[in-house]
Every structure is written in structure tokens, then in C-alpha cells.
Amino acid sequence: MRKILLLAAFTLFTLVVNAQTDVYTVSSGEMIFAWSDTEQTPIGGGSMENVSDNLRFSVFLHLGQYVHIDLGNSLGFYSGLALRNIGFITEDDALDLGVDKEKHRAYALGLPLALKLGSFRDHFYLYGGAEYELLFHYKYKYWVDGDKHKTSEWFSDRTNRFVPSVFAGIQFPRGLNLKFKYYLDDFLNTDYKKGDNPLNDYSRYGKTRMFHISLSWQFDTRDIEKLWGGDGAARHHDVVI
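Residues numbered from 1 in each chain as written. Predicted model: local features only at pLDDT ≥ 70, side-chain atom pairs only at ≥ 80, totals over all residues. Heavy atoms only, no water.

With that settled, the discussion passes to the pattern of salt bridges. All chains considered together, the criterion is met by 13 salt bridges. The shortest N-O distance in the salt bridge between E131 and R84 comes to 2.9 Å. Note that E131 is positioned in strand β9 (residues 124–144) and R84 in strand β7 (residues 75–90), a separation of 47 residues in sequence. Classification of E131 as buried rests on a relative accessible area of 0%. Across the salt bridge formed by E102 and R204, the nearest N and O atoms sit 2.9 Å from each other. (Salt bridge = Lys/Arg side-chain N within 4 Å of Asp/Glu carboxyl O. Helix = DSSP H or I, 4+ residues; strand = E, 2+ residues; numbered from the N terminus. Buried < 20%, exposed > 50% of the residue type's maximum accessible area, 1.4 Å probe, protein only.)

In C-alpha cells:
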């Protein structure tokens, strides 16, 4: 995956150098509707079982700042940085875990690279790409007989440090953006174990693959500058590099 991203970045640089481009930045937030494909082993042994998961909705803290490079009106790319709150919720009495519910969450810093195809003048296009995310703050919550227990760690060994994903979406006029994203690796580190508490033995997980649908509004930085009386209107679309 890393080799593919490096090759795509080199190709993008070559195209930018040899083309008339429109370069601009976009700010965004997200509303994330997330699920997971999770398997666990029951306490005491047995075969892996699919775990019932609940919809996880999150809106805080999601921030994105992206650089868009349009090679004409129909072909372009974007990359940037994104901060997200990602995770999943499981609830399954069949595993004899003795808990009512479990929540796993991490803050992640992502670096995406995407291809865009459409009509940029109309702010309408399709896009797709790949992303690497660094999981840097993990929180685990579980409930036993209605009582909540939680722990949190910076750069925790409970999760995989880097998680790759692929995504595709559509940008509508007036800023509305719809995206589907699927993670290609597990969220949790199945080699993790701490103490005698079976809940802290993550080898009980066979798979923790997340996927989500997100809604967002994209704001061209030049439009924000106009609202504050800046000179964004003067720096229009055609920038020659």
C-alpha cells in the first residue's frame, strides 16, 4: 500500500509540473455512521463467532484540511490531513464475557490521496482513493451490570498503530459530500494481553474491520476569505505552476 501511495504521489507531482492547474484548499468536518465486521472467541474457548455490533454515530472531533489540484475542469487530485474519532460498539451475550456492552474508540490522524472526476465548475464530481491513519489516542469502555468501566491511553499497544483504508464518494453542488470508507486492516491489536482480566486479552478477537458512511460539507478556503473580506475572489482558479 505504501509503495502504491508513493507511486501515485510521484505521478501527481509529474502531472502538476507539466500542466496548467488550479490549486486551492478545502476545509471540512464529518458526521460518521460506523459499523464493524467483528469476530470473537467465547470465554472458555470455542470457535470464532460474529459479534453483534451497533451503529456508532460520531461528530466530534472531526476536522479536515485538504489541498485540491485540478488539472482542468474534469480531472483532479486531492490530499491533506484529517483528524477523526473512529471506533465500534459490540453487544453480544452469547460470548459469556460478562459485560453488557463494549466500546472501542481512537483518535486518528489520516493522510489521504484521491483521484477526482467530474465537473469542478459545477462542484459535482466522483472521487476515490486510499488513506493511512495513525491511531494516537485509544479509549476502551465496557459496562457490567449497568456500571461503566473505562481506560484510555496515548499511542496504545491495544490498537494497530497504522491502519490503511480505501474510500469512494461523491461531491454534490453547494458543498454536500457523501463518502463510503472500508478499513483494510484490523482496528485492534490481537497480540495485546494485560493481566488476568479476560477483557484485556485481545487474542479473543479474530477480526475487527471497520467501515463507515460519512456526510460532510466542504468549504473552499477562498469562499471563507470572501466572507471575511479577504482577497480570495481576486485569486481565481487558473494558477500556472
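Next comes the rest of the account.
Next up on the list: a negative patch on the surface. Where like charges cluster on the molecular surface, the negative patch consists of E91, D100, D145 and D147. Relative to the helices and strands, D145 is located in the loop between β9 and β10 (147–154). A relative accessible area of 72% means that D145 is categorised as exposed. (Patch = residues over 30% accessible without salt bridge, like charges linked within 9 Å, V, L, I, M, F, W, Y side chains within 5 Å. Areas by Shrake-Rupley, 256 points an atom, 1.4 Å probe, with all protein chains shown as cover. Lys, Arg positive; Asp, Glu negative; His and termini not counted. Charge placed at Lys NZ, Arg CZ, Asp CG, Glu CD.)

Turning our attention to unusual backbone geometry. Residue F60 is joined to L61 through a cis peptide bond whose omega torsion reads 0°. Mapped onto the fold, L61 is located in the loop between β5 (56–58) and β6 (63–70). A positive phi angle is found at H123, which is not glycine, with a value near 55°. A relative accessible area of 42% means that H123 is categorised as partly exposed. Of note in this structure, D145 is not a glycine but carries a positive phi near 50°.

Now for the packing of aromatic side chains. When we look at a pair of aromatic rings, we describe it by the centre distance and by the angle of the planes. Applying the stated criterion to the full structure yields 16 aromatic pairs. Relative to F187, the ring of F88 lies with its centre 5.8 Å away and its plane at 85°, an arrangement referred to as edge-to-face. Residue F88 is located in strand β7, and its partner F187 is located in the loop between β12 (176–183) and β13 (205–220); the two are separated by 99 residues in the primary sequence. Residues F88 and F187 agree in their burial class; the two are buried. Plain terms: the ring middles of Y192 and Y202 are 5.3 Å apart, the flat faces sit at 55° to each other, and that makes the pair tilted. (Phe/Tyr/Trp six-rings, centres within 6.5 Å; stacked < 30°, edge-to-face > 60°.)

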